[in-house]
Amino acid sequence: VQLQASGGGLVQAGGSLTVSCAASGSPFSINRMGWYRQAPGKQRERVAIITGGGVTNYADSVKGRFTISRDNAENTVSLQMNSLKPEDTAVYYCYVDNQLLRGYWGKGTQVTVSS
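The rules we used
Residues numbered from 1 in each chain as written. Predicted model: local features only at pLDDT ≥ 70, side-chain atom pairs only at ≥ 80, totals over all residues. Heavy atoms only, no water. Helix = DSSP H or I, 4+ residues; strand = E, 2+ residues; numbered from the N terminus. Rg over C-alpha atoms; globule rule 2.2 N^0.38 Å. Phe/Tyr/Trp six-rings, centres within 6.5 Å; stacked < 30°, edge-to-face > 60°. Buried < 20%, exposed > 50% of the residue type's maximum accessible area, 1.4 Å probe, protein only.

A. Main features of the overall build of the protein chain. For the protein chain, the helix and strand inventory stands at 0 helices and 11 strands. When the elements of the protein chain are put in sequence order from the N terminus, they spell out β-β-β-β-β-β-β-β-β-β-β. At 13 Å, the protein chain has a C-alpha radius of gyration in line with the 13 Å of a compact globule built from 115 residues. With respect to the principal axes defined by its C-alpha atoms, the protein chain has extents near 45 × 25 × 20 Å.

B. Molecular detail of the packing of aromatic side chains. Applying the stated criterion to the full structure yields 3 aromatic pairs. With centroids separated by 5.6 Å and ring planes inclined at 65°, the aromatic side chains of tyrosine 36 and tyrosine 95 adopt a geometry described as edge-to-face. In this pair, tyrosine 36 is assigned in strand E4 (residues 30-38) and tyrosine 95 in strand E9 (residues 90-98), connecting sequence segments 59 residues apart. A residue is classified by how much of its surface remains accessible, and tyrosine 36, at 16% relative accessible area, is buried. For the ring pair tyrosine 95 and tryptophan 105, a centre distance of 4.9 Å and an interplane angle of 55° mean the geometry is tilted. On the criterion of sequence distance, the pair formed by tyrosine 95 in strand E9 and tryptophan 105 in strand E10 (residues 103-105) is long-range, its members being 10 residues apart. Feature note: the residues Tyr36, Tyr95 and Trp105 constitute an aromatic cluster, connected by ring pairs.

Scope: geometric values only; no functional claims are made or implied.
Right, here's the structure in full:
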């Protein structure tokens, strides 16, 4: 499975960014899609995840600011990030798993929020 991420970049605090990810090459149906992030010196943490039926789950730190969405026909997932804070600065990783619950990771895209 190949995961191609796009988006990310540098934004001032209070601004918005969207990161997107397209999955291809899976011989099985994609189950969950989501985003994780890892800041320097910290463990990777789950940001948001969405099931094939559209059920979402967010980290407490991003609730009300981030919105995850997906296009099942295109196997894409996007994360709209609003009201960004410097503590949102991290490398954001796309994640998907299939119906066998095997997980796959994208290479990561940098999001930097300046104060």
